[in-house]
Amino acid sequence: MINIIIADHQAIFRAGVAKVLAVEDDLRIVAQPQTFDQMLSALERLRARVLMVSTSFLPRFAGVTALTTRRSTAILVVAENSDEAAAFVAMGVQGVIYRSINGPDVVDAMRRLARGETFVHVSNSVLNELGEDHVGLRVRDRLTEKELHIIAAVVRGYKNREIAAELATTEQVVKNSLRAIFDKIGVSDRLELVLFVLHHRMLAHATAAVRIDNDPPRLKQNIIAGPSGPGISAFMKLEPSG
């Protein structure tokens, strides 16, 4: 049985998800907290496999991850249409869905996260914007799967040695690959690379969908919520570009 906590400030969406999940034999909603303190209490008391949480609960994200890590609870963020999925993935969440998601995909997301996989949903508005992101599309087509994997790791805060361990290669190979990536995209360092990815939805979605098997390192980014949703505001401990 997959125990689920739903923490969402929109009652209608919360009720709709609860109705969808209620008919599944392997899914069980154990709590629907409406405040941050209620959510922390539920995580402490209940053995939830998945926490579905809206962005309104994320300003105090460190408190959430401390509990979910200890409880082996996967985090599924309910994002708004203006939010970037890549920013949430960089924060260390395992899944991102938008409010335009349909019932079967919600069920699929819960089961995937319970199995230790990731899930990134593409909203209807994002689908339209992906088709208009010609620059991001051209860059994506020039990147190899290995290069895309490295970019995804950089966005999530991995150091070169951690990327090398993930890819079972050497740190020098990762450095060489990063130089090739910088040349292909037209950036000069890791910060410019991350900002380029977050500003091009095609690349942001492609990197967010990359699964990284090793546990992510502690965040090195300061994540803030601005008018257009979460974004990376500063990289305080970036490695040298080369």
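For the structure itself, look to the data block above.
The structure displayed is predicted, hence computed values, not measured ones.

Caption draft 1: Representation of helix 8 (residues 145-155). Within helix 8, nine of the eleven residues are buried, which leaves it mostly tucked inside the rest of the structure. Taken as a whole, helix 8 has its buried residues at Glu147, Leu148, His149, Ile150, Ile151, Ala152, Ala153, Val154 and Val155. One or two residues past the end of helix 8 sits Gly157, with phi positive at roughly 95°.

Caption draft 2: Looking closely at the environment of Ile29. Relative to the helices and strands, Ile29 resides in strand 2 (residues 27-31). With 21 residues separating them in the primary sequence, Ile29 and Val50 have C-alpha atoms 9.6 Å apart. The contacts of Ile29, once residues within four sequence positions are left out, are Ile4, Ile6, Ala18 and Leu21.

Caption draft 3: Broad picture of the nonpolar core. Counting 58 residues, the largest nonpolar core has Met39, Val53 and Leu193 as the members making the most contacts within it. With seven residues, helix 8 is the largest single contributor of residues to this core. Once residues lying within four places of it in the same chain are set aside, the contact partners of Met39 are Ala7, Pro33, Leu51, Val53, Phe57 and Val64. Core analysis: the second largest hydrophobic core is formed by 21 residues, Ile4, Val17, Val107 and Ala114 among them.

Caption draft 4: Just helix 10 (residues 171-185), in detail. Helix length check: helix 10, at 15 residues, gives a terminal C-alpha distance of 21 Å against a target of 21 Å (1.5 Å per residue), a fit within 8%. For helix 10, the set of buried residues is Val174, Ser177, Leu178, Ile181, Phe182 and Ile185. The arc that holds the buried residues of helix 10, viewed along the axis, is 145°, so those residues lie on one side. Turning to helix 10, the residues buried within the fold contact helix 7 (134-142), helix 8, helix 9 (160-167) and helix 11 (190-198). Within two residues after helix 10, Gly186 carries a phi angle of roughly 90°, on the positive side.

Caption draft 5: Highlighting the pairing of strand 3 (residues 50-54). Buried residues dominate strand 3, accounting for five of its five residues. Of the two faces of strand 3, the one holding Val50, Met52 and Ser54 and the one holding Leu51 and Val53 are both buried throughout. Looking at chain direction, strand 1 (residues 2-7) and strand 3 are connected through four bridges and run parallel. Pairing of Ile6 across the sheet is with Met52, part of strand 3. Regarding topology, helix 3 (residues 61-71) serves as the crossover connection from strand 3 to the parallel strand 4 (residues 74-79), and that connection is right-handed.

Cut-offs and rules
Residues numbered from 1 in each chain as written. Predicted model: local features only at pLDDT ≥ 70, side-chain atom pairs only at ≥ 80, totals over all residues. Heavy atoms only, no water. Buried < 20%, exposed > 50% of the residue type's maximum accessible area, 1.4 Å probe, protein only. Helix = DSSP H or I, 4+ residues; strand = E, 2+ residues; numbered from the N terminus. Contact = heavy atoms within 4.5 Å. Core = buried A, V, L, I, M, F, W, Y, C linked by side-chain atoms within 4.5 Å. Expected span 1.5 Å × (residues − 1). Arc of directions from axis to C-beta. Pairing = 2+ DSSP bridges. Right-handed = clockwise from strand over helix to strand, strands pointing away.

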